[in-house]
Amino acid sequence: MCRCKVPAVILAIESSCDETAAAVVANGDTVQSSVIHTQIDTHRLYGGVVPEIASRQHVQHISAVVAKALSDAGISVAQLDAIAVTQGPGLVGALLVGVSYAKGLAWAAGKPLIGVNHMMGHIAANRLSGFEPPFLCLVVSGGHTELVAVEGWSQYTYLGGTVDDAAGEAFDKIARVLGLPYPGGKSVDELARWGNPAAYAFPRALMGQDNLDFSFSGMKTAVISHVQKHGNEDLADLCASVQAAIVDVLCQKTRLAAEKHGFTRIALAGGVAANSGLRAGMQQLCAQRSWQLQLPEMAYCTDNAAMIGAAAYEQYCAGEFAHATLNANPALEL
Ligand code: KG4
Ligand code: ZN
């Protein structure tokens, strides 16, 4: 529970990539509504997110998404304690839509404004299940792969991360090479269920016993050269083997970080936390060692606004409010 325990109902807005989302969250852990308008079908036509189209679609949908979040929660803007919005990291044009909308709404309603770090939001998704720090968090999304010691909801220590592609990016790029539709991670996950994970031994990089960094670009190159030589007819085996390699690296690095830094409580965060192989691998790893594992609910793994509301509560308690000068920051760090 937060140190201050001030009751607060927060409207949160998220528009960092290709989901327009709004949620009403009470006291950092109680979701009163969560609405997501996804643009996946549009971006699938292009094989990935087209930033300009994402911005335009956010503009088209944000008012209706916010209105639905408020009506689902049965609350008016006047009854809110604060309005929170993802400030970064993400696509600058997409972020600007949410930031501008939230600033306008907060100013018009005379409510405090809170700028939230999207990655802190992913980590705070675990708060929605009642999980509290300290814990070790494996943050795995389309843009990030990081091991973070979460000492408090606003106290983070970076322990290691990717030196090239993020895990989600690796899934997406490899899926593209295999001819699978966007978003690739989910497609690989679905096909992997039917394949043999030991069919191909794709490389696991930086596996030294002292190394908490990740590298996935070699794996991607190995899959490209495999497909060039042998084609992709055994798609299920290829997906299962790719997923096994990525999951193996993620689990081994998490084990190493936990042992090195003395953690017995582990959480996952980010879109790749929805991966069935990763969830199973982590369950096995933690069960073998009697470690406590927290998996975010599936709905709160990929981008959503409820997680932004959870993270914003900590800032609300600390009185960390934004000014009217709040700007999108596409490269915001943890
Ligand atoms: O957290 P997120 O929704 O957006 C970012 O902040 O990046 O993560 C999106 C990433 C994409 O790379 C997507 O392919 C991946 O999460 N992803 C998955 C699965 N579902 C989403 N990767 C593997 N298996 C899944 N089931
Ligand atoms: Zn995200």
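Residues numbered from 1 in each chain as written. Chains lettered and ligands numbered in written order. Predicted model: local features only at pLDDT ≥ 70, side-chain atom pairs only at ≥ 80, totals over all residues. Heavy atoms only, no water.

### Re the domain arrangement of the protein chain
Line of reasoning, step 1. The domain boundaries assigned to the protein chain delineate domain 1 (9–125 + 302–317) and domain 2 (134–300).
Line of reasoning, step 2. Taking the mean C-alpha position of each, domain 1 and domain 2 sit 27 Å from one another.
Line of reasoning, step 3. Between domain 1 and domain 2, the residue contacts involve 22 residues of the former and 20 residues of the latter.
Line of reasoning, step 4. Both faces considered, domain 1 and domain 2 share a buried interface measuring about 1700 Å² in area, 67% of it formed by carbon and sulfur atoms.
Line of reasoning, step 5. Per-residue buried area on domain 1 facing domain 2 is highest for Met-119, Ile-123 and Thr-302; these three make up 34% of the total on that side.
Line of reasoning, step 6. There are 0 salt bridges connecting domain 1 and domain 2.
Line of reasoning, step 7. In this structure, the connection of domain 1 to domain 2 is made through 4 residue pairs in polar contact (both at pLDDT 80 or more).
Line of reasoning, step 8. At the level of elements, β3 (30–38), α1 (40–44), α4 (118–124) and α10 (306–318) are the ones that each hand at least two residues to the side of domain 1 that touches domain 2. (Domains from an automatic or database assignment. Contact = heavy atoms within 4.5 Å. Buried area = accessible area lost by both parts, 1.4 Å probe. Salt bridge = Lys/Arg side-chain N within 4 Å of Asp/Glu carboxyl O. Polar contact = N/O pair within 3.5 Å; in protein donor to acceptor, adjacent residues only side chain to side chain. Helix = DSSP H or I, 4+ residues; strand = E, 2+ residues; numbered from the N terminus.)

### Quick look at the side chain of Asp-165
Line of reasoning, step 1. Note on placement: Asp-165 falls in the loop between β8 (155–161) and α5 (167–177).
Line of reasoning, step 2. Of the polar contacts made by the side chain of Asp-165, one reaches the side chain of Lys-173; its length is 3.1 Å.
Line of reasoning, step 3. Side-chain polar atoms of Asp-165 contact the side chain of Lys-220, separated by 3.1 Å.

### So, the sheet that holds strand β4 (residues 82–88)
Line of reasoning, step 1. Ordered by their spatial adjacency, 5 strands build an open sheet running β3-β2-β1-β4-β5, and the pairing between neighbours is mixed. If you trace the sheet from one side to the other, it starts and ends with β3 and β5 (113–117), each paired once. Taking each pair of neighbouring strands and ignoring which way they run, the sheet shows an average axis angle of 20°.
Line of reasoning, step 2. Relative to the sheet, helix α3 (residues 92–109) contacts β1 (9–14), β4 and β5, its axis offset from that of β4 by approximately 160°. (Pairing = 2+ DSSP bridges. Axes fitted to C-alpha atoms, helices over the stretch in contact; angles between N-to-C directions.)

### Observations regarding the site of ligand 1
Line of reasoning, step 1. The environment of ligand 1 is formed by 18 residues, the closest being His-122, Gly-142, Asp-172, Asp-189 and Asn-275.
Line of reasoning, step 2. Between ligand 1 and Gly-168, the relevant distance is 3.2 Å, taken from an oxygen atom to a main-chain nitrogen or oxygen of the residue.
Line of reasoning, step 3. Interatomic distance of 3.1 Å between a backbone N/O atom of Asp-303 and an oxygen atom of ligand 1.
Line of reasoning, step 4. When ligand 1 sits alone it has 560 Å² of accessible area, and the protein chains cover 87% of it.
Line of reasoning, step 5. Contributions of two or more residues to the shell around ligand 1 are made by α4, α5 and α6 (184–192).
Line of reasoning, step 6. Both domains that furnish three or more residues to the shell around ligand 1 are identified here as domain 1 (9–125 + 302–317) and domain 2 (134–300). (Near = heavy atom within 4 Å. Areas by Shrake-Rupley, 256 points an atom, 1.4 Å probe, with all protein chains shown as cover.)

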